[in-house]
Amino acid sequence: MSKTTRKIIRASAFIISLLFLISVLIIIDIEKRGPYTTWYNNLKMQQAEKHAIIGKSEGEVIKCLGNPSFSYMRSGHNNRTLNYAPFSFFPYGLFQVHLRNGIVHSVEMFDD
């Protein structure tokens, strides 16, 4: 095996290990309501309170909080939930905005 090949293998192993470690740290942060997840949820709550989003429309919420990471509508109901995830690729530790008939009726921090 050439010296270059060994370097490539070591670099690849390092990158894979680093990505694995980052993934584990993200999961721990979300599960334990770590510093980033807490900061993110508190930030969204501060924005929601500053703009008094209870009673406002979905469009007004998006202007205040930005686009949600994802949303869903309960089947058979006219209730929609906007989900703001601290890590958009991992849907836990969410800040949620609950809408009824297109109007915000509540918010929730740290939803899983």
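Treat the numbers as computed from the prediction; the structure is a model and nothing was measured.

Peer 1: Quick question: what am I supposed to make of the nonpolar core here?
Peer 2: Generally speaking, nonpolar side chains in soluble globular proteins are found buried as a group. With 13 residues, the main nonpolar core has Ile53, Val61, Leu65, Tyr84, Phe95 and Val97 as its most contacted residues. Only helix 2 (35-50), helix 3 (58-65), strand 2 (79-84) and strand 3 (94-100) provide two or more residues apiece to this core. Ignoring anything within four residues of it in the chain, the contact list for Ile53 reads Ala48, Val61, Cys64, Leu65, Val97, Val104 and Val107.

Peer 1: Looking at this model, I keep getting lost on the pattern of salt bridges. Mind explaining?
Peer 2: It is possible for side chains of opposite charge to pair when their charged atoms get near one another. Within the structure shown, the criterion is met by one salt bridge. A salt bridge links Glu58 to Arg80, with the shortest nitrogen-to-oxygen separation between them at 3.1 Å. Taken together, the residues Glu58 in helix 3 and Arg80 in strand 2 connect sequence positions 22 residues apart. Judged by relative accessible area, Arg80 falls into the partly exposed class, the value being 25%.

Peer 1: In this structure, what is going on with the side chain of Thr81? I would like to understand it.
Peer 2: Secondary-structure assignment places Thr81 in strand 2. Overall, Thr81 belongs to the buried group, its relative accessible area being 7%. Of note is the side chain of Thr81, whose polar atom sits 3.2 Å from the side chain of His98.

About the cut-offs
Residues numbered from 1 in each chain as written. Predicted model: local features only at pLDDT ≥ 70, side-chain atom pairs only at ≥ 80, totals over all residues. Heavy atoms only, no water. Core = buried A, V, L, I, M, F, W, Y, C linked by side-chain atoms within 4.5 Å. Buried < 20%, exposed > 50% of the residue type's maximum accessible area, 1.4 Å probe, protein only. Helix = DSSP H or I, 4+ residues; strand = E, 2+ residues; numbered from the N terminus. Contact = heavy atoms within 4.5 Å. Salt bridge = Lys/Arg side-chain N within 4 Å of Asp/Glu carboxyl O. Polar contact = N/O pair within 3.5 Å; in protein donor to acceptor, adjacent residues only side chain to side chain.

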